[in-house]
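Architecture at a glance
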Amino acid sequence: MTQTVSLSFFRFASPLDRIWAFTMMGAARFALPKVPDLQFWKLCGSGTGEGFTPIPNTAVYAILCTWPDHDTAKKRLESERIFQRYRNRAAESWSVYLTPTSARGEWAGVAPFHPSPDAQTGPLAALTRATVKPSVAAKFWRQVPNISTVIGSDPNVAFKIGIGEVPLLHQVTFSIWPDASAMADFARKDGPHARAIKAVRDGDWFREELYARFRVIDQSGSWGGKSPLSRLEIP
């Protein structure tokens with residue numbers, strides 16, 4: 001079987017629903033371990049704008065899960081009560097389904113993604129996760145706005161968001177690209193992104209880090225009133 005990763009985003013509109021979503025960052029930790037077939041999961045909040053700021057956005061939350069296969073992932077997200085509760089309270093929700101193609105590093109001491117051989121072409125997703133050392137958090141966050149601006153101005157990026165488990169210190173970036181070439185062109189380009197990577201390496205800013213790539217295989221729901229992948233020909 002090929003492991004499937006689901007990343008679900010939820011947008012909450014009313015103050016009561018936002019309070020509910022915030023409390024679920026604690027309460028959902030009791031429900032998720034009881035979901036059958038769920039291998040690994042993380043609850044994340046987001047920053048303001050597209051998430052690439054240290055200021056919390058009380059409207060947007062995310063749940064990352066890994067499953068033994070695609071059919072199981074879809075079945076559980078559709079039928080398990082914890083996910084239904086999120087969708088019922090949210091003004092909008094969107095889930096993207098992924099298969100890992102490469103991964104290195106750990107997330108909270110675990111290697112959660114199990115890459116499979118991949119010879120296909122088409123849309124790819126990139127995920128980075130890092131634990132920022134408290135002593136360099138201010139330096140790290142000074143780099144982020146410039147990186148966000150550059151990614152946002154890249155015509156190839158179909159979707160991007162910054163999320164995290166703990167504000168300032170545990171950060172996740174997620175982006176979707178039309179193909180490997182577009183993703184590689186951005187990574188190689190000189191600019192804020194390349195300079196930030198160099199600063200991270202030279203300064204040893206991260207206590208733990210993980211880098212993973214995925215093939216985008218499916219989606220459900222909408223974000224911003226539409227599918228973020230509509231121009232990428234994903235079902």
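Look up a bit, the structure's there.
The structure contained in this document is the topic of the report that follows.

Looking only at helices and strands, one finds 6 helices and 8 strands in the protein. Each helix (α) and strand (β) of the protein, taken in turn from the N terminus, gives the series β-α-β-β-α-α-β-β-α-β-β-α-α-β. Each of the 235 residues in the protein was classed as buried or not, and the buried ones make up 51%. For the protein, contacts bridging at least 24 residues in sequence account for 76% of all contacts bridging at least 6. Entry remark: accessible area of the protein is about 11200 Å², with carbon and sulfur atoms responsible for 55%.

This part takes up the packing of helix α2 (residues 70-79) against helix α3 (residues 81-89). Running from N to C, α2 and α3 point in directions that differ by 60 degrees, and their axes come no closer than 5 Å. Taken together, the axes of α2 and α3 lie oblique to each other. Packed against α2, whose contacting residues are Arg76, Leu77, Glu78 and Ser79, the element α3 presents Arg81, Phe83, Gln84 and Arg87 at the interface.

Within the largest apolar cluster, 30 residues are counted, with the highest numbers of intra-cluster contacts made by Phe9, Val96, Phe113, Leu127, Phe174 and Ile176. Only β1 (4-11), β2 (40-47), β3 (56-67), β4 (92-105), β5 (124-132), β6 (159-166), β7 (170-177) and β8 (206-221) provide two or more residues apiece to this core. Leaving out residues up to four positions away in the same chain, Ile176 has contacts with Trp94, Val96, Leu124, Ala125, Asn156, Val157, Ala158, Phe159, Val216, Leu229 and Leu232. One finds Leu32, Leu77, Phe83 and Tyr97 within the second-largest nonpolar core, a separate group that totals 22 residues.

With that settled, the discussion passes to unusual backbone geometry. Here the phi dihedral of Asp37 falls at roughly 75 degrees; this positive angle occurs in a residue that is not glycine. Tracing the chain through its elements places Asp37 in the loop between α1 (15-31) and β2. In this structure Asp37 comes out as partly exposed when scored by relative accessible area, which is 38%. In this structure, Ala108 takes a positive phi of about 55 degrees despite not being glycine. One can find Ala108 in the loop between β4 and β5.

With that out of the way, let us pick up the pattern of salt bridges. Under the definition given, this model contains 7 salt bridges. Ionic pairing is found between Asp218 and Lys74, a salt bridge with its closest N-O pair at 3.1 Å. Pair noted here: Asp218 is in strand β8 and Lys74 is in helix α2, with a separation of 144 residues, a long-range link. Glu80 serves as the salt-bridge partner of Arg76, at 3.6 Å between the closest nitrogen and oxygen. Neither residue differs from the other here; Arg76 and Glu80 are each classed as buried. Each of the salt bridges in this network shares a partner with another, and the network as a whole consists of Asp37, Arg76 and Glu80.

Attention now moves to the packing of aromatic side chains. Within the structure shown, the criterion is met by 14 aromatic pairs. Each ring, one from Phe9 and one from Phe174, has its centre 6.4 Å from the other, and the planes form 45 degrees; the classification is tilted. One end of the pair, Phe9, is in strand β1; the other, Phe174, is in strand β7, with 165 residues separating them in the sequence. Like Phe174, Phe9 is buried. What links up through ring pairs into an aromatic cluster is the set Phe9, Trp94, Phe159, Phe174 and Trp223. When the ring centre of Trp223 is taken as origin, the NZ or CZ atom of Arg11, which lies over that ring, is 4.0 Å away.

Attention shifts here to the packing of α1 against α3. When two helices pack together, their arrangement is given by the angle between their axes and by how far apart the axes lie. It is at 11 Å that the axes of α1 and α3 come closest, and there the two elements cross at 175 degrees. The angle between α1 and α3 places the two elements in the roughly antiparallel class. Of the residues in α3, those touching α1 at Leu16, Asp17, Trp20, Met24, Ala28 and Ala31 are Ile82, Arg85, Tyr86 and Arg89. Among the residues forming the contact of α1 with α3, the class breakdown is 7 nonpolar, no polar and 3 charged.

Let us look at the environment of Pro15. Within the secondary structure, Pro15 is located in helix α1. Assessed through its relative accessible area of 63%, Pro15 is described here as exposed. Through-space distance from the C-alpha of Pro15 to that of Thr58 is 9.0 Å; in sequence the pair is 43 residues apart.

Definitions and cut-offs
- Residues numbered from 1 in each chain as written.
- Predicted model: local features only at pLDDT ≥ 70, side-chain atom pairs only at ≥ 80, totals over all residues.
- Heavy atoms only, no water.
- Helix = DSSP H or I, 4+ residues; strand = E, 2+ residues; numbered from the N terminus.
- Buried < 20%, exposed > 50% of the residue type's maximum accessible area, 1.4 Å probe, protein only.
- Contact = heavy atoms within 4.5 Å.
- Areas by Shrake-Rupley, 256 points an atom, 1.4 Å probe, with all protein chains shown as cover.
- Axes fitted to C-alpha atoms, helices over the stretch in contact; angles between N-to-C directions.
- Parallel < 35°, antiparallel > 145°, perpendicular 65-115°, else oblique.
- Core = buried A, V, L, I, M, F, W, Y, C linked by side-chain atoms within 4.5 Å.
- Salt bridge = Lys/Arg side-chain N within 4 Å of Asp/Glu carboxyl O.
- Phe/Tyr/Trp six-rings, centres within 6.5 Å; stacked < 30°, edge-to-face > 60°.
- Lys NZ or Arg CZ within 6 Å of the ring centre and 35° of its normal.
- Nonpolar A, V, L, I, M, F, W, Y, C, P; charged D, E, K, R; others polar.

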